[in-house]
Amino acid sequence: MTEPLHDELHDELHDALRAIVGPSHLLLDPAAMAPYLADWRGRYTGRAHAVVLPANAAEVARVVAACAAARVPIVPQGGRTGLVLGSVPDTSGLAIVLTLRRLDRIRHIDAANRTMTVEAGCILADIEQAAAQAGMLFPLSLAAEGSCTIGGNLSTNAGGTAVLRYGNARELCLGLEVVTAQGQVWDGLRALRKDNTGYALRELFIGAEGTLGVITAAVLKLYPQPKASLTALVALASPQAALDLLGLVQERCGAALTGFELMSDYCLRLVAAQFPALPTPFAVHHPQYALLELSSPESQDHACGLIESAIGAALEAGIALDAVLASSNSQSLGLWKLREHIPLAQAAAGKNIKHDISLPVSRIPAFIDQTGAALQAAFPGCQLVCFGHLGDGNLHFNVAPPPGAGHEAFLIHQQAVNRIVHDNVAAFHGSISAEHGVGALKRDELVRYKSAVELDMMRAIKAALDPLGIMNPGKIL
Ligand code: FAD
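Residues numbered from 1 in each chain as written. Predicted model: local features only at pLDDT ≥ 70, side-chain atom pairs only at ≥ 80, totals over all residues. Heavy atoms only, no water.

1. So, the overall build of the protein
Thinking step 1. Along its length, the protein carries 16 helices and 18 strands.
Thinking step 2. Relative to its length of 477 residues, the protein is compact, with a C-alpha radius of gyration of 23 Å against a globular reference of 23 Å.
Thinking step 3. Considering the protein as a whole, with its 477 residues, one finds that 52% of them fall into the buried category.
Thinking step 4. Long-range pairs, those at least 24 residues apart, make up 73% of the contacts in the protein between residues at least 6 apart in sequence. (Helix = DSSP H or I, 4+ residues; strand = E, 2+ residues; numbered from the N terminus. Rg over C-alpha atoms; globule rule 2.2 N^0.38 Å. Buried < 20%, exposed > 50% of the residue type's maximum accessible area, 1.4 Å probe, protein only. Contact = heavy atoms within 4.5 Å.)

2. Description of the packing of aromatic side chains
Aromatic ring pairs are defined here through the distance separating the ring centres and the angle between the ring planes.
Thinking step 1. Inspection of the entire model under this criterion finds six aromatic pairs.
Thinking step 2. For the pair Phe 367 and Phe 397, a centre-to-centre distance of 5.2 Å together with 65 degrees between the ring planes defines the contact as edge-to-face. Here Phe 367, found in helix H12 (residues 364-378), pairs with Phe 397, found in strand S18 (residues 394-400); they are 30 residues apart in sequence, far enough to count as distant.
Thinking step 3. Looking at Phe 367, the relative accessible area reads 0%, which means it is buried. (Phe/Tyr/Trp six-rings, centres within 6.5 Å; stacked < 30°, edge-to-face > 60°.)

3. A closer look at the packing of helix H1 (residues 8-21) against helix H3 (residues 57-70)
Thinking step 1. Taken N-terminus to C-terminus, the directions of H1 and H3 make an angle of 170 degrees; their axes are 10 Å apart at the nearest point. Classed by the angle they form, the pair H1 and H3 counts as roughly antiparallel. Of the residues in H3, those in contact with Leu 9, Leu 13, Leu 17, Ile 20 and Val 21 of H1 are Glu 59, Arg 62, Val 63, Ala 66, Cys 67 and Ala 70.
Thinking step 2. Residue composition of the contact of H1 with H3, by class: nine nonpolar, no polar and two charged. (Axes fitted to C-alpha atoms, helices over the stretch in contact; angles between N-to-C directions. Parallel < 35°, antiparallel > 145°, perpendicular 65-115°, else oblique. Nonpolar A, V, L, I, M, F, W, Y, C, P; charged D, E, K, R; others polar.)

4. Notes on the site of the ligand
Thinking step 1. Neighbouring the ligand are 35 residues; Pro 76, Gly 78, Gly 79, Thr 81 and Thr 149 lie closest to it.
Thinking step 2. Measuring from an oxygen atom of the ligand, one finds a backbone N or O atom of Gly 82 at 2.8 Å.
Thinking step 3. The contact in question runs from a nitrogen atom of the ligand to an N or O atom on the side chain of Ser 155, over 3.0 Å.
Thinking step 4. Contact with the protein chains removes 94% of the 980 Å² of surface that the ligand exposes when unbound.
Thinking step 5. Among the elements that make up the shell around the ligand, the one with the highest residue count is helix H5 (residues 150-155) (four residues).
Thinking step 6. Taken together, the residues that form the shell around the ligand break down as 12 nonpolar, 20 polar and three charged. (Near = heavy atom within 4 Å. Polar contact = N/O pair within 3.5 Å; in protein donor to acceptor, adjacent residues only side chain to side chain. Areas by Shrake-Rupley, 256 points an atom, 1.4 Å probe, with all protein chains shown as cover.)

5. Topic: helix H10 (residues 300-316)
Thinking step 1. For H10, with 17 residues, the first-to-last C-alpha span of 24 Å sits near the 24 Å given by 1.5 Å per residue.
Thinking step 2. What H10 keeps buried is the set Ala 303, Leu 306, Ile 307, Ala 310, Ile 311, Ala 313 and Ala 314. Considered in projection along H10, the buried side chains sweep an arc of 155 degrees and stay on one side of the axis. The exposed set on the far side of H10, more than 90 degrees from its buried face, consists of Asp 301 and Glu 316.
Thinking step 3. Packed against the buried residues of H10 are strand S12 (228-236), helix H8 (239-253), strand S14 (288-296) and strand S15 (320-325).
Thinking step 4. Phi turns positive, to about 75 degrees, at Gly 318, one or two residues after H10. (Expected span 1.5 Å × (residues − 1). Arc of directions from axis to C-beta.)

6. Section: the sheet that holds strand S10 (residues 213-221)
Thinking step 1. Overall, antiparallel pairing links the five strands, which are arranged S5-S6-S10-S8-S9 in an open sheet. If you trace the sheet from one side to the other, it starts and ends with strand S5 (106-110) and strand S9 (185-188), each paired once. Between one strand and the next, the sheet's axes are offset by a mean angle of 15 degrees, whatever the strand orientation.
Thinking step 2. Inspection of the sheet shows S5 paired to strand S6 (residues 115-119) by four bridges, in the antiparallel sense. Looking at S6, one finds that His 108 is bridged to Thr 117.
Thinking step 3. The strands touched by H3 within the sheet are strand S8 (173-180), S9 and S10, with S8 carrying the most contacts at an inclination of about 40 degrees. (Pairing = 2+ DSSP bridges.)

7. Thoughts on the confidence of the model for the protein
Thinking step 1. For the protein, per-residue confidence averages 96 on the pLDDT scale, and residues scoring 70 or more make up 99% of the total.
Thinking step 2. When mean pLDDT is taken per element in the protein, S10 scores highest with 99 and helix H13 (residues 407-410) scores lowest with 91.
Thinking step 3. For the stretch residues 1-5, pLDDT sits under 50, and the model shows 12 contacts to residues farther than four places along the chain or on other chains. (pLDDT = per-residue confidence, 0-100.)

8. Description of the state of the cysteines
Thinking step 1. In the structure shown here, the tally under the stated rule is zero disulfides.
Thinking step 2. Left without a disulfide partner, Cys 386 is nearest to the cysteine sulfur of Cys 267, which lies 6.8 Å away. (Disulfide = S-S within 2.5 Å.)

9. Focus: the pattern of salt bridges
Thinking step 1. A full pass over the atoms with the stated rule returns 14 salt bridges.
Thinking step 2. As a salt-bridge pair, Lys 351 and Glu 408 come within 3.1 Å of each other at their nearest N and O atoms. Of this pair, Lys 351 sits in the loop between helix H11 (329-349) and strand S16 (356-358) while Glu 408 is found in helix H13, placing the two residues 57 residues apart along the sequence.
Thinking step 3. Owing to a relative accessible area of 52%, Glu 408 belongs among the exposed residues under this scheme.
Thinking step 4. In the salt-bridge network here, residues are joined through shared partners; they are Arg 105, Arg 107, Glu 119 and Glu 177. (Salt bridge = Lys/Arg side-chain N within 4 Å of Asp/Glu carboxyl O.)

10. A few points about the sheet that holds S14
Thinking step 1. Pairing in this open sheet of seven strands is antiparallel, and the strands run S15-S12-S14-S13-S17-S18-S16 from one edge to the other. The open sheet has two edge strands with one neighbour each: S15 and S16. Sheet twist, expressed as the average angle between the axes of neighbouring strands with direction ignored, equals 20 degrees.
Thinking step 2. Pairing of S12 with S15 involves five bridges; the strand directions are antiparallel. Residue Ala 232 lies in a different strand from S15, and its bridge partner there is Leu 325.
Thinking step 3. Where helix H9 (residues 265-274) meets the sheet, its contacts fall on strand S13 (257-264), S14, strand S17 (383-389) and S18, and the angle it forms with S17 comes to roughly 100 degrees.

Structure below.
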């Protein structure tokens, strides 16, 4: 492992950074830096020679310019909830971590334009709350919303549970303010729904995972608050039945359907084993479950009418086996808790091999069948922890060891398991990263599955915007 460089050059850079952000916002002490260096899952810790906490875009720009002059790599960091090692430095100790957490102001809400302008370090839950206080909805919603930042959400093009209706973070953003790799501030904070003035630069920085520049603020789209929302859990015989149910509900409920999650019985058994206090709504087990979220611009009765008629039709057609409708807010939260506790139950049960994939929705049942069979053939008895945002074609397709086998020991098969899953994803024309991004974790997989033409274009963009290669090196490419 390389020792961090405390040579003259770094002392000079630290002096410059201290002058920009103030002494209390430049961390050099290992104990003070430690929380910024560890991955959220606690599986990896990187090293840095400084952690810098600027207060505004002007300070970010000066920090980046100083690092560019010293040729020092920068790792932008938001809430550090990313799952692909994007926001933590490598172990060389050569980089600085640039955390955006002090850029936490909601700058402006324009109710008539249905937009809000926020700084990159705003916590997602605070943005949702500010929108609600203004009588509107900011619909990005994910289990990490109490810790993740909008800068991180945009940099990873986060998905979550309402993509079906409102789209990913990309679709929710109209404008950006970015500090370029040269330390200039690009004011692209346009609140326009139509703007065809050349290349869509905003799109480059969204999903770039901090490899092209630093997002310091964004203009976000707001929506009317639904008058009512309703949650239902439907028991099903198979993923094909889930797909049939999705089609039926979309036909009958249209845009009122905001979320459609798939969970296998194995997932709910995991949750029950690890969190026995969470009530399971059905007396008997069924192979699959779909969790549906419906919103109505009219009333609770309207939402109820829509969902009851759709589920009634599904039961009659033999698509659904059973169903429960949440009749109160707390029941609805209870159903969502089952879904949200799956990753926690997995973590409590032991390590497993994770995949965040997307596929054309129509091909999901065949993918699950074929990939499940290939995994069983290679690793008899292995357990599939398959759940996710079926409505968006996004599955968390995780593989746990056979019952009784050691979780740590099973991890030696990671490469072979990845190969089976990702080769099948490619064969079904899917993506090996649906919503978590590439980071350092999936960089080699990206090279394996993207075409040379696509990789060349990506490398050309990187070289054009970050010619010194200082922006989050080793991530994505
Ligand atoms: P970080 O982890 O700090 O950073 C993520 C990446 O963005 C890094 O590459 C970093 O360098 C870069 N970055 C951060 N801020 C900036 C900036 N201002 N400018 C430039 N680059 C920047 N993700 C989903 O999409 N959907 C889910 O449903 C979902 N559920 C989750 C549930 C849990 C319990 C957890 C822990 C994570 C989940 N995630 C999910 C993953 C994670 O929450 C998202 O990737 C989130 O968008 C990351 O935001 P962050 O602020 O924590 O970013």
